[in-house]
Amino acid sequence: MIKRHIIKISGDSMSPALVNGDYAVIKKPRAFSPGRIYVVQHSDLGLIVKRLKCIENSRYIFEGDNTASTPSSLIAPVEAERIKGQVILIIGKSGLRRP
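Residues numbered from 1 in each chain as written. Predicted model: local features only at pLDDT ≥ 70, side-chain atom pairs only at ≥ 80, totals over all residues. Heavy atoms only, no water.

**Q** Would you explain the nonpolar core in this entry?
**A** The tendency in soluble globular proteins is for nonpolar side chains to be buried side by side. One finds Ile7, Ile9, Met14, Ala17, Leu18, Ala24, Ile26, Ile37, Val39, Val49, Val87 and Ile90 forming the largest nonpolar core, which totals 12 residues. Broken down by secondary-structure element, the contributors of at least two residues to this core are strand S2 (23–27), strand S3 (37–42) and strand S6 (83–92). If near-sequence neighbours (up to four positions away) are discounted, Ile9 is found in contact with Leu18, Val19, Asn20, Gly21, Asp22, Ala24 and Val49. Counting residues in hydrophobic clusters, the runner-up holds nine residues, among them Val40, Phe62, Ile75 and Val78. (Core = buried A, V, L, I, M, F, W, Y, C linked by side-chain atoms within 4.5 Å. Buried < 20%, exposed > 50% of the residue type's maximum accessible area, 1.4 Å probe, protein only. Helix = DSSP H or I, 4+ residues; strand = E, 2+ residues; numbered from the N terminus. Contact = heavy atoms within 4.5 Å.)

**Q** What is the right way to look at the pattern of salt bridges in this model?
**A** In a structure, side chains of opposite charge can pair up when their charged atoms sit close to one another. Under the counting rule described, the total for this entry stands at five salt bridges. For Asp65, the salt bridge identified is with Arg51, shortest N-O distance 2.7 Å. Here Asp65 is found in the loop between strand S5 (59–63) and helix H1 (72–75), whereas its partner Arg51 is found in strand S4 (residues 46–56), with 14 residues between them in sequence. Residue classification places Asp65 among the partly exposed positions, given a relative accessible area of 27%. Note that Lys53 is salt-bridged to Glu63, the shortest N-O span being 4.0 Å. Within this pair, whereas Lys53 is found in strand S4, its partner Glu63 is found in strand S5, the two being separated by 10 residues in sequence. On the basis of relative accessible area, Glu63 is assigned to the partly exposed category, the value being 29%. When salt bridges with common partners are traced through the structure, they connect Arg59, Glu79 and Arg82 into a single cluster. (Salt bridge = Lys/Arg side-chain N within 4 Å of Asp/Glu carboxyl O.)

**Q** Please clarify how the side chain of Lys50 should be interpreted in this entry.
**A** With respect to the helices, strands and loops of the structure, Lys50 is situated in strand S4. Notably, Lys50 is buried but unbridged: the nearest opposite-charge side chain belongs to Asp65, and the N-O separation is 8.7 Å. Polar contacts involving the side chain of Lys50 include one to the side chain of Ser13, which spans 2.9 Å. With sequence-adjacent residues up to four places away left out, Lys50 is seen in contact with Ser13, Met14, Arg36, Ile37, Tyr38, Phe62, Glu63, Gly64, Ser69 and Ile75. (Lys, Arg positive; Asp, Glu negative; His and termini not counted. Polar contact = N/O pair within 3.5 Å; in protein donor to acceptor, adjacent residues only side chain to side chain.)

**Q** What should I look at first to understand the pairing of S6 in this one?
**A** Sheet faces and side chains relate simply in a regular strand, where the side chains alternate between the two faces. In terms of burial, S6 is a largely internal element, seven of the 10 residues being buried. Pairing between S2 and S6: five bridges, direction antiparallel. Residue pairing for S6: Val25 is matched across the bridge by Leu89. Of the pairings in the sheet, the one linking S3 to S6 comprises three bridges and is antiparallel in character. From the neighbouring strand, Tyr38 faces S6, where its bridge partner is Gln86. The antiparallel pairing of S6 with strand S7 (residues 95–97) creates a hairpin that spans two residues between the two strands. (Pairing = 2+ DSSP bridges.)

As far as function goes, none of this settles anything; it's purely spatial.
Right under this line is the structure:
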């Protein structure tokens, strides 16, 4: 059985892909692909939703879509264990959409 979870988006760091008040359906990822959106348990920032920018030395670099979001240099590279899920569906005011 594949588990899915729904989280509510708070903030504008992933705008326009995800906006404040949207809901994201997430699942545990089998693999990680740059360009996809993930939920990360960050040691300082808590639970964050960001796009995977790249993978360097088995560490994952994330960034927000909004240029005003926390820069990737402050997010810092994270280990795979901190990646809690991949966004597979967005539920917004205009209905369902893929990320």
